[in-house]
Amino acid sequence: DTAVSQTPKYLVTQMGNDKSIKCEQNLGHDTMYWYKQDSKKFLKIMFSYNNKELIINETVPNRFSPKSPDKAHLNLHINSLELGDSAVYFCASSQDRSLAEFFGPGTRLTVL
Amino acid sequence: AQSVTQPDIHITVSEGASLELRCNYSYGATPYLFWYVQSPGQGLQLLLKYFSGDTLVQGIKGFEAEFKRSQSSFNLRKPSVHWSDAAEYFCAVGGPNAGKSTFGDGTTLTVKP
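Definitions and limits used
- Residues numbered from 1 in each chain as written.
- Chains lettered and ligands numbered in written order.
- Predicted model: local features only at pLDDT ≥ 70, side-chain atom pairs only at ≥ 80, totals over all residues.
- Heavy atoms only, no water.
- Helix = DSSP H or I, 4+ residues; strand = E, 2+ residues; numbered from the N terminus.
- Rg over C-alpha atoms; globule rule 2.2 N^0.38 Å.
- Buried < 20%, exposed > 50% of the residue type's maximum accessible area, 1.4 Å probe, protein only.
- Contact = heavy atoms within 4.5 Å.
- Areas by Shrake-Rupley, 256 points an atom, 1.4 Å probe, with all protein chains shown as cover.
- Pairing = 2+ DSSP bridges.
- Axes fitted to C-alpha atoms, helices over the stretch in contact; angles between N-to-C directions.
- Disulfide = S-S within 2.5 Å.

## Observations concerning the overall build of chain A
The helix and strand inventory of chain A stands at zero helices and eleven strands. If you list the helices and strands of chain A from N to C, you get β-β-β-β-β-β-β-β-β-β-β. For chain A, the C-alpha radius of gyration of 13 Å lies close to 13 Å, the compact-globule estimate for 112 residues. The dimensions of chain A, computed from C-alpha atoms along their principal axes, are 35 × 30 × 25 Å. Classification of the 112 residues of chain A by burial places 46% in the buried group. Nonlocal contacts in chain A, meaning residues at least 24 apart in sequence, comprise 56% of its contacts between residues at least 6 apart. Working note: accessible area of chain A is about 5600 Å², and carbon and sulfur atoms make up 50% of it.

Structure (C-alpha cells):
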C-alpha cells in the first residue's frame, strides 16, 4: 500500500498553461504539505495544511494554490506556468504538525 | 532568520567505514531538528528528529544524531556504512509548525566498495 501517492509522475507543459498535481495519503494524517525541489536539489516548503488551516510560505507566488477536498487529499494548482516553475514537487503528510514524515515519490514538472 | 548549513557538499567513504555528516543551524529559540535521506529519483525519508530531551537521538537504518546547543550543531553519524546508504542527506530546522522549516542544501554521500 502506498502511503503518499502523487499523480502524475511527470508533467510537461507550455508556458502560460494551468495545471494541477494530485496528492493522496492513506495514513489518516491531519497535516499535509507541498515541497518544491529545484534542479540543484534545494528543498523549500511551499504549504502546510492542517484541519483547514493553511500556512503559506511567503515566498510562494499566488499563482500556486493548494486545494483540499478532504483530509486525505491536498492538490496543487498552478496558474500561468512559468519556466522557473520547472522542478520536482513533493507532497508529504504527518500526524505531527512540526515535520513532514512521509513523502510521495514526486512529480517532475517541466515547463517549455 | 533561521538557517541551516551543511558544510560538506559531497562525502565519499568506504563501505564499512564510519560516517559523520555535519549540520549547523541558526534558530531563535529551541530548535526542532531533522535529518532526511533521499535516494536517487525518490522522495525523502525521515531518518530521525529532535524536539527536546536526550541530545543523542536514534533513528532508522542505524543512524544517530547528537544535538549540541553550544555548537549549534546536529551532526548525523553511522558506525558502519553500507553501499545502500549512498544518497543525498538533508538536515532541516524548524519549530512547532513545519510550515516554517528550513532545509540545508544537502550532502551527497558516495560509498566506495
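## With respect to the overall build of chain B
For chain B, the helix and strand inventory stands at zero helices and twelve strands. Going from the N terminus to the C terminus, chain B shows its helices and strands as β-β-β-β-β-β-β-β-β-β-β-β. The C-alpha radius of gyration computed for chain B amounts to 13 Å, which stays within 12% of the reference 13 Å derived for 113 residues, consistent with globular compactness. Considered along the principal axes of its C-alpha atoms, chain B spans approximately 40 × 30 × 20 Å. Classification of the 113 residues of chain B by burial places 47% in the buried group.

## Re the sheet that holds strand β1 (residues 4-7) of chain A
All names here are of chain A. Read from one edge of the open sheet, four strands run β1-β3-β8-β7, paired in antiparallel fashion. Edge positions in the open sheet fall to β1 and β7 (64-70), since each of these has one partner strand only. Between one strand axis and the next, the sheet turns through 20 degrees on average, direction left out of account. Looking at chain direction, β1 and strand β3 (residues 19-25) are connected through four bridges and run antiparallel. Along β3, the bridge assignment pairs Thr-7 with Lys-22.

## Details of the state of the cysteines
All names here are of chain A. All chains considered together, the criterion is met by two disulfides over all chains. Here Cys-23 is linked by a disulfide to Cys-91, with a sulfur-sulfur distance of 1.8 Å. An S-S torsion of about -75 degrees defines the bridge between Cys-23 and Cys-91 as left-handed. Taken as a pair, Cys-23 in strand β3 and Cys-91 in strand β9 (residues 87-94) lie far apart in primary sequence, 68 residues in all. Given a relative accessible area of 1%, Cys-23 falls into the buried group.

## A closer look at the environment of B:Gly41
With respect to the secondary-structure elements, B:Gly41 resides in the loop between β5 (32-38) and β6 (44-50). Placed 46 residues apart in sequence, B:Gly41 and B:Ala87 show a C-alpha to C-alpha distance of 10 Å.

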